[in-house]
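One letter stands for each residue in the lines below.
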Amino acid sequence: MPAIEAHDLEFSYGEHPALQGVSFRVEEGRLFGLLGPNGGGKTTLFRILCTLLPPAAGTVEVLGFDVVRQAREVRQRLGVVFQSNCLDPELTLRENLLYQGRLHGIPGKELNQRMRESLELFGLSGRAGDQLRTLSGGLRRRVELARGLLHRPEVLLLDEPTAGLDPGVRHDFWEYLKRLITELSMTIVLTTHLLEEAERCSELAILDRGKLVVQGTPAELESRIGGEVVTVRTNHPEDLARLIRKRFQLEPLIVNGHLRLEDPRGHSLVAKLLDQFPEEIQSVTVSKPTLEDVFVRYTGHTLGRAVS
């Protein structure tokens, strides 16, 4: 049984489609990433997974339980860390964790041990008695993460989990996620728009304009790029694209005003381009495929571009 299985999910905000026929499967004990730009559908999908938003069409199950018909059973097995703050600002850090632990029925001695571990992990041991409203945004984010992990959920959902964390805490956080998967066989699903985080996932699904465009491991996705990636800067990309298409029977993609081509022998292609079009080319580079190239291949634009 998979940890999560979704079929043909649909959802719209008025006339604007947020999810369009999204289907995917997450095996147990995996670190699964939902990669995409802001507005691509990640947050809507996240809300459906944690039972806050019923899909307009389609189905999704978490550990065999339907998120609409069996929402209570799903919630008992989930840990959720939202992008927005869900803590009580008038309570102390320790009180926020204590409240969360008691909601989940964790016994007193075990709860105290887990709170100590969580506070230590995120460098919060010395602030346990501080009211949350006195903390910076980054420190509050650490408390959110500590709270979401406190009850050792079977499936952990993280919405942009490292936002506001400094590099040291971010590194420790990723190491802790590895421990959760290795030692507890926990399944972790996170949303991100950061390629460096996506590279850490054991499997990825790329979302764009509400559609799941491709899914696989980072290595599998990068291997789908046709060899090397050649990027050409020119003052007239449309004209040069037309010339390259006619001369080499290649199909350049115009991305952010530059031409992008894939070729098994990128360095040889560079030499041919410079020989044929020396006046039209300002500069040219060749590189090994990355997840950014995968995203461009399947969406036609870069990850950082705003979705309209």
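The residue numbers shown here count from 1 along each chain, following its written sequence. Per-residue local features of the predicted model are confined to residues with pLDDT of at least 70, and side-chain atom pairs are confined, for both listing and counting, to 80 or more; whole-chain, interface and lining totals are unaffected and use all residues. Water and hydrogen atoms were dropped before computing side-chain values, which therefore reflect all heavy atoms in the structure.

A. Spotlight on the overall build of the chain. Helix and strand definitions here come from DSSP, where helices need a minimum of 4 consecutive H or I residues and strands a minimum of 2 consecutive E residues; each element is numbered from the N-terminal end. The secondary structure content of the chain amounts to eleven helices and 14 strands. Dimensions of the chain along its principal axes, counting C-alpha atoms only, are 75 × 45 × 35 Å. Of the contacts formed within the chain by residues at least 6 apart in sequence, a portion of 69% connects residues at least 24 apart. In the form shown here, the chain has an accessible surface area of approximately 14,800 Å², with 48% of it arising from carbon and sulfur atoms. For the charge count, each Lys or Arg is scored as positive and each Asp or Glu as negative, with His and the chain ends excluded. Charged groups are reduced to one reference atom each: NZ for lysine, CZ for arginine, CG for aspartic acid, CD for glutamic acid. With 38 positive and 42 negative side-chain charges, the chain shows a separation of 2 Å between the mean positions of the two kinds. The contact criterion used is simple: two residues touch if any of their non-hydrogen atoms lie within 4.5 Å. All accessibility values rest on the Shrake-Rupley procedure with a 1.4 Å probe; residue burial counts only the protein chains present in the view.

B. Quick look at the sheet that holds strand β6 (residues 78–81). One bridge is not enough; two strands pair if DSSP finds at least two bridges between them. Read from one edge to the other, the open sheet built from six strands follows the order β6-β7-β8-β3-β9-β10, with strand pairing classed as mixed. Edge positions in the sheet fall to β6 and β10 (211–216), since each has one partner strand and no second. The mean inter-strand angle of the sheet, taken between neighbouring strand axes irrespective of direction, is 15 degrees. Relative to strand β8 (residues 187–192), strand β3 (residues 31–35) runs parallel, the two being bridged by five bridges. Within β8, the residue paired with G33 across the bridge is L190. Only C-alpha atoms enter the line fits that serve as axes; for helices the fit covers just the stretch in contact. Angles between N-to-C directions range over 0 to 180 degrees.

C. Just the side chain of T302, in detail. Within the secondary structure layout, T302 lies in the segment after α11 (291–299). Here a polar contact is taken to be a pair of N or O atoms separated by no more than 3.5 Å, where protein atoms must pair a possible hydrogen donor with a possible acceptor and residues adjacent in sequence count only if both atoms sit in side chains. A distance of 3.4 Å separates a polar atom in the side chain of T302 from a polar atom in the side chain of N256. Aside from chain neighbours lying at most four places away, what touches T302 is V255, N256, E292, F295 and V296.

D. A look at the pairing of strand β1 (residues 4–13). Bridge analysis of β1 against strand β4 (residues 57–62) gives five bridges, and the strand direction is antiparallel. Residue A6 lies in a different strand from β4, and its bridge partner there is V60. Between the end of β1 and the start of strand β2 (residues 16–26), which pair antiparallel, lie two residues, with G14 showing a positive phi angle near 65 degrees.

E. Expanded view of helix α10 (residues 266–276). Burial classes: relative accessible area under 20% of the type maximum marks a residue as buried, over 50% as exposed, and values in between as partly exposed (1.4 Å probe, protein chains only). Inspection of α10 places G266, L269, V270 and L273 among the buried residues, and these make up the whole buried set. The arc that holds every buried residue of α10, seen down its axis, measures 105 degrees, which confines them to one face. Set apart from the buried face of α10 by more than 90 degrees, the exposed residues are H267 and D275. In this fold, the buried residues of α10 make contact with β11 (228–234), α9 (237–248), β13 (258–263) and β14 (281–287). Here the arc refers to the directions that run from the helix axis out to each C-beta atom.

F. Geometry of the sheet that holds β1. If you trace the four strands from one edge of the open sheet to the other, you get β2-β1-β4-β5, paired in antiparallel fashion. Each edge of the open sheet is held by one strand with a lone partner, namely β2 and β5 (65–66). Bridge count for β1 against β2 is eight bridges, and the pairing is antiparallel. Note that in β2 the partner of E5 across the bridge is R25. Relative to the sheet, helix α1 (residues 42–49) contacts β1, β2 and β4, its axis offset from that of β2 by approximately 60 degrees.

G. A look at the nonpolar core. By size, the foremost hydrophobic cluster in this structure holds 48 residues, and its most contacted members are F122, L156, L158, L177, L180 and I188. For this core, the element with the most residues is helix α6 (residues 167–184), which contributes seven residues. The contacts of L180, once residues within four sequence positions are left out, are L149, L156, S185, M186 and I188. To qualify as a nonpolar core, a set must consist of buried Ala, Val, Leu, Ile, Met, Phe, Trp, Tyr and Cys residues joined through side-chain atoms within 4.5 Å. Among the nonpolar cores identified, the runner-up in size contains 30 residues, and V22, C50, V67 and V74 belong to it.

H. View of the pairing of β8. Across the six residues that make up β8, a large majority, six, are buried. The two faces of β8 match: T187, V189 and T191 on one face and I188, L190 and T192 on the other face are all buried. Pairing of strand β7 (residues 155–159) with β8 involves five bridges; the strand directions are parallel. From the neighbouring strand, D159 faces β8, where its bridge partner is T191.

Geometric descriptors of this kind do not, in isolation, establish any biological role.
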